[in-house]
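Okay, here's what each chain looks like letter by letter:
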Amino acid sequence: CLSGGLDSSSIVCLMRDHLNAEAEVHTITARYEHQRVDEGHHAAMVADAVDAIPHETYPDWNDCFKTARQITWHQDEPFGSTSVFAQWKVFEAARRQGLKVMLDGQGADEPLGGYHGLIPIRLAELVRDRRLLAYAAEVGFGRLRHGRGISHELASRFVPTRMQQRFPKRFGGTPDDPLGWLRSERFQDLLGRRNPLGEAASHAGIPTPSDLGSWCLAMTRWSNLAMLLHWEDRNSMAHSIEARVPFLDHRLVELAVGFGGEHKLVRGATKSVLRRAMAGTLPE
């Protein structure tokens, strides 16, 4: 399952290293007409690098509504993301090609810190540890890589709501924002003023996430990853395909969750240790 992202691309390249030269590597990629969201050019670079046989599918929004009831039946619950539909189309295309076992890049983001929303948590961690030079460097690199959205996310954790409302442009909003009511006091929990995993973590017997490492552990053990694996399991089995997730080999997970923040988010880049490990294996 080749999205063109770092995780699935790593698996495709490592597959080629471990298979004999005659073995065929097939890739399935979801493509989109709009260049803003299409990552097909990245997937093509990877497929070319390993002489894979690429297959593409183009999820269409009309088809999404037509198949929503069927997907919901297989998922056993409503789904709240169109990525579930895109994944459905990938496994559907794999079934058409007669593929029976698929490898997927799921499971790297959670233990290795692959979500941009974790960057403010890393910054807060550096401030708390009084590593102000490292903090300043990370803010600078974050601005270069991601724009001012990083400072806005960090501000949402440290700056009082009323100050954000008084200077909306400074914090990524607009003075005439019609959705400003969403930032009222009653929605504070939804906007991250309070740790949203705190209460649930206590019920699960897990320490309340407070730093990057504990957030990665919580997402790996019982929040994000459980949801994503549910979607993958139902989507793949609906098409009689066995989906495998190499990043969730328990030895790799145990290693990854033990890494400190300096191996996960470095210079504004997520999953830093994976990027370094794959240097020379992935196309630059």
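Residues numbered from 1 in each chain as written. Predicted model: local features only at pLDDT ≥ 70, side-chain atom pairs only at ≥ 80, totals over all residues. Heavy atoms only, no water.

## Some thoughts on the pairing of strand E1 (residues 26–30)
Of all five residues that make up E1, four are buried, and the element is covered over most of its length. One ladder, built from five bridges, connects E1 with strand E2 (residues 53–57); its direction is parallel. In the strand pairing of E2, Thr29 is matched with Glu56. After leaving E1, the chain enters helix H2 (residues 40–49) and then returns to the sheet as E2, a path that is right-handed. (Buried < 20%, exposed > 50% of the residue type's maximum accessible area, 1.4 Å probe, protein only. Helix = DSSP H or I, 4+ residues; strand = E, 2+ residues; numbered from the N terminus. Pairing = 2+ DSSP bridges. Right-handed = clockwise from strand over helix to strand, strands pointing away.)

## Focus on empty space enclosed by the protein
Under the criterion given, the structure shown has one cavity of 30 Å³ or more. Put simply, the largest cavity is a space of about 40 Å³. Every residue lining the largest cavity is listed: Gly107, Ala108, Pro111, Leu112, Phe247, Leu252, Val253 and Ala256. At the level of elements, helix H5 (109–112) and helix H13 (250–258) are the ones that each hand at least two residues to the lining of the largest cavity. At three residues, the largest contribution of residues to the lining of the largest cavity is made by H13. Along the lines of polarity and charge, the residues of the lining of the largest cavity split into seven nonpolar, one polar and no charged. (1 Å grid on protein atoms, 1.4 Å probe; cavity = no way out; pocket = protein on both sides within 12 Å on 5 of 7 lines; lining within 4 Å. Points joined across faces, edges and corners; volume = space filled by probe spheres on them. Nonpolar A, V, L, I, M, F, W, Y, C, P; charged D, E, K, R; others polar.)

## Notes on the confidence of the model for the protein
Across the protein, the average pLDDT comes to 82, with 77% of residues at 70 or higher. Predicted confidence for residues 174–179 stays below pLDDT 50, and this span has four contacts to residues more than four positions away or in other chains. The model gives residues 181–193 a pLDDT under 50, and that stretch makes 17 contacts with residues more than four places away or in other chains. (pLDDT = per-residue confidence, 0-100. Contact = heavy atoms within 4.5 Å.)

## Some details on the side chain of Glu232
Position of Glu232 relative to the elements: it lies in helix H12 (residues 224–237). Summary of buried charges: Glu232 has no salt-bridge partner, and the nearest side chain of opposite charge, Arg244, is 8.9 Å away. If near-sequence neighbours (up to four positions away) are discounted, Glu232 is found in contact with Gln87, Phe91, Asp104, Gln106, Ala243 and Val245. (Lys, Arg positive; Asp, Glu negative; His and termini not counted. Salt bridge = Lys/Arg side-chain N within 4 Å of Asp/Glu carboxyl O.)

## Some remarks on the packing of aromatic side chains
Counted under the stated rule, the structure contains one aromatic pair. Ring plane angle 90 degrees and centroid distance 6.2 Å describe the contact between Trp61 and Phe65, whose orientation is recorded as edge-to-face. With Trp61 and Phe65 both in helix H3 (residues 61–75), this residue pair falls four residues apart, about one helical turn. Take Trp61: its relative accessible area is 60%, and that puts it in the exposed class. (Phe/Tyr/Trp six-rings, centres within 6.5 Å; stacked < 30°, edge-to-face > 60°.)

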